[in-house]
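Spelled out from the first residue to the last, the chains are:
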Amino acid sequence: MTPVPFLVSPFSPLSYDLMLFLLFPDVDPGPGMQKPQLLVPVRATPNGTLVHPAYFLLVGIPGLGRDIHFWLAFPLCFMYAMATLGNLAIVLIIRVERRLHEPMYLFLAMLSTIDLVLSSVTMPKMASLFLTGIQEIGFNVCLAQMFLIHALSAMESAVLLAMAFDRFVAICHPLRHASVLTGPTVAKIGLAALTRGFVFFFPLPFILKRLSYCQTHMVTHSFCLHQDIMKLSCSDTRVNVVYGLFIILSVMGVDSLFIGFSYVLILKTVLELASQGAALKAFSTCISHLCAVLVFYVPLIGLSVVHRLGGPTSLLHVIMANIYLLLPPVVNPVVYGAKTKEIRSRVLHMFSQGGR
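Rules used throughout
Residues numbered from 1 in each chain as written. Predicted model: local features only at pLDDT ≥ 70, side-chain atom pairs only at ≥ 80, totals over all residues. Heavy atoms only, no water. UniProt positions renumbered as here; feature names shortened; annotations may be inferred. Helix = DSSP H or I, 4+ residues; strand = E, 2+ residues; numbered from the N terminus. Contact = heavy atoms within 4.5 Å. Buried < 20%, exposed > 50% of the residue type's maximum accessible area, 1.4 Å probe, protein only. Expected span 1.5 Å × (residues − 1). Bend = angle between axes of the 7 residues up to and from the residue. Phe/Tyr/Trp six-rings, centres within 6.5 Å; stacked < 30°, edge-to-face > 60°. Core = buried A, V, L, I, M, F, W, Y, C linked by side-chain atoms within 4.5 Å. Axes fitted to C-alpha atoms, helices over the stretch in contact; angles between N-to-C directions. Left-handed = near helix turned anticlockwise from the far one by under 90°. Nonpolar A, V, L, I, M, F, W, Y, C, P; charged D, E, K, R; others polar.

- If you look the protein up in an unreviewed UniProt entry, it shows as Olfactory receptor from Panthera pardus.
- Per UniProt, the protein carries the Sequence similarities (unreviewed entry) text "Belongs to the G-protein coupled receptor 1 family."

1. Description of the environment of Leu 325
Now for step 1: Structurally, Leu 325 can be placed in helix H12 (residues 315-339).
Now for step 2: Measuring from C-alpha to C-alpha, the distance between Leu 325 and Phe 296 comes to 8.4 Å, with 29 residues separating the pair along the chain.
Now for step 3: Excluding residues within four positions of it along the chain, Leu 325 makes contact with Leu 118, Thr 122, Ile 149, Ser 153, Phe 223 and Leu 225.

2. Thoughts on the side chain of Asp 166
Now for step 1: Its location among the elements puts Asp 166 in helix H4 (residues 139-172).
Now for step 2: The contacts of Asp 166, once residues within four sequence positions are left out, are Pro 103, Met 104, Phe 107, His 177 and Leu 181.

3. Considering the UniProt feature "transmembrane region" (unreviewed entry) in the protein
Now for step 1: The positions UniProt marks with the feature "transmembrane region" (unreviewed entry) are residues 70-93, 105-123, 143-165, 186-208, 241-266, 278-303 and 315-336.
Now for step 2: Helix makes up 100% of residues 70-93 and strand 0%, with an end-to-end C-alpha separation of 35 Å.
Now for step 3: Annotated as 100% helix and 0% strand, the span residues 241-266 places its first and last C-alpha atoms 36 Å apart.

4. Some thoughts on the side chain of Gln 145
Now for step 1: Relative to the helices and strands, Gln 145 resides in helix H4.
Now for step 2: With relative accessibility at 6%, the residue Gln 145 sits in the buried group.
Now for step 3: Not counting residues up to four positions away in its chain, the partners in contact with Gln 145 are Val 121, Thr 122, Lys 125, Ile 137, Phe 223 and Cys 224.

5. Observations concerning helix H9 (residues 238-271)
Now for step 1: The terminal C-alpha atoms of H9, which comprises 34 residues, lie 47 Å apart, in line with the 50 Å expected from a rise of 1.5 Å per residue.
Now for step 2: Within H9, the axis deviates most sharply at Gly 253, by approximately 30 degrees.

6. A closer look at the packing of aromatic side chains
Now for step 1: Applying the stated criterion across every chain, the model contains 15 aromatic pairs.
Now for step 2: Arranged with centres 5.4 Å apart and planes meeting at 80 degrees, the rings of Phe 70 and Trp 71 form a pair that is edge-to-face.
Now for step 3: On the basis of relative accessibility, which here comes to 31%, the residue Phe 70 falls in the partly exposed class.
Now for step 4: Where Phe 147 meets Phe 198, the ring centres are 5.8 Å apart and the plane angle is 85 degrees; that geometry is what we call edge-to-face. Of the two residues, Phe 147 sits in helix H4 while Phe 198 sits in helix H6 (residues 183-201), which places them 51 residues apart along the sequence.
Now for step 5: We classify Phe 147 as buried; its relative accessible area is 14%.
Now for step 6: Site record: aromatic cluster; members linked through ring pairs are Phe 147, Phe 198, Phe 202 and Phe 206.

7. Notes on the nonpolar core
Now for step 1: Ranked by internal contacts, the top residues of the largest apolar core, which has 84 residues, are Phe 56, Leu 160 and Ile 229.
Now for step 2: Sorting elements by how many residues they give to this core places H4 first, with 20 residues.
Now for step 3: Ignoring any residue separated from it by four or fewer positions in sequence, one finds Ile 229 in contact with Phe 56, Cys 142, Leu 143, Met 146, Leu 208, Tyr 213 and Cys 224.

8. Thoughts on the packing of H4 against H6
Now for step 1: It is at 8 Å that the axes of H4 and H6 come closest, and there the two elements cross at 145 degrees. Between H4 and H6 lies a crossing of right-handed hand. In contact with Phe 147, His 150, Ala 151, Ala 154, Met 155, Ser 157, Ala 158, Val 159 and Ala 162 of H4, H6 contributes Ile 189, Ala 193, Leu 194, Arg 196, Gly 197, Phe 198 and Phe 201.
Now for step 2: Looking at the contact of H4 with H6 residue by residue, the class counts come to twelve nonpolar, three polar and one charged.

9. As for the environment of Thr 122
Now for step 1: As for its placement among the helices and strands, Thr 122 is situated in helix H3 (residues 103-132).
Now for step 2: Sequence spacing of Thr 122 and Asn 322 is 200 residues, and the spatial spacing of their C-alpha atoms is 9.8 Å.
Now for step 3: Once you skip the residues sitting within four places of it in the chain, Thr 122 turns out to touch Gln 145, Ile 149, Leu 325 and Leu 326.

Written out as structure tokens, the structure reads:
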């Protein structure tokens, strides 16, 4: 039997309950009263009325009380400040220093720009949720956040692949590096990463809008992800499942395979070098990129595995999603700042100038 959506009319006897809920969302409505789910009929379809919620409710971290969420907001704000300042510093240093206008650093500037936008899409809303306890996020706002999270992640994956290709050419074919990775080529790679991320994930909000949501509207994360919104629907989600699996395999899956293949060839070339010192020096140029790849792909693979296993969303799902989205924007500037001599010296120079 198809569940009947709970639709609120301004003239219904529940309008008083609705007003009480909107004014005091944290107050227990008590027996005989219920928190309305505010489901809005969109249009009639052959299978019935298409129903969308006016908003979703973000849970945060399941099992943690309001007080713990409140105190977690402070380290989260610190992480956001670190991500913003670190990535902005890298972009500005590469922009100002003409000697850093090389493929490796240009790709790094792209990576930092993506991390800057990604952290701004997720962390402020998450901090607001933890600090104020306001869980509501509008239906369309949630879909927009979901699209940006997935599209930016795909762009970051593409840039990591481009950086792996840069290291492969620099180590395996050093004499051809300057002719292969020219300025226009780097710009075209960046544009291709942007276009692919947009094109592959642009359909997601629309295939979610074709679903009807007549059950709970609690999103079990601190942000909106395709898998979680899809699970809230009472419609057939086979199209969403198939398309979601297709893009995760054809985008992140293909990228990770090519990155792994690049490093197999790099390792083969390094091991063939006669001098051990030269081999270590060549491979040391890949350490920062390897750290960025591991920080990005390990949580992503773990999150994909636990979601594909099915079942209700658990604390493990939430922790993996938080690591996947929050860690790279914070860690990448630290890793590249510490391991890249040119960036490190420029940052130290800026601090020494500021201390005078």
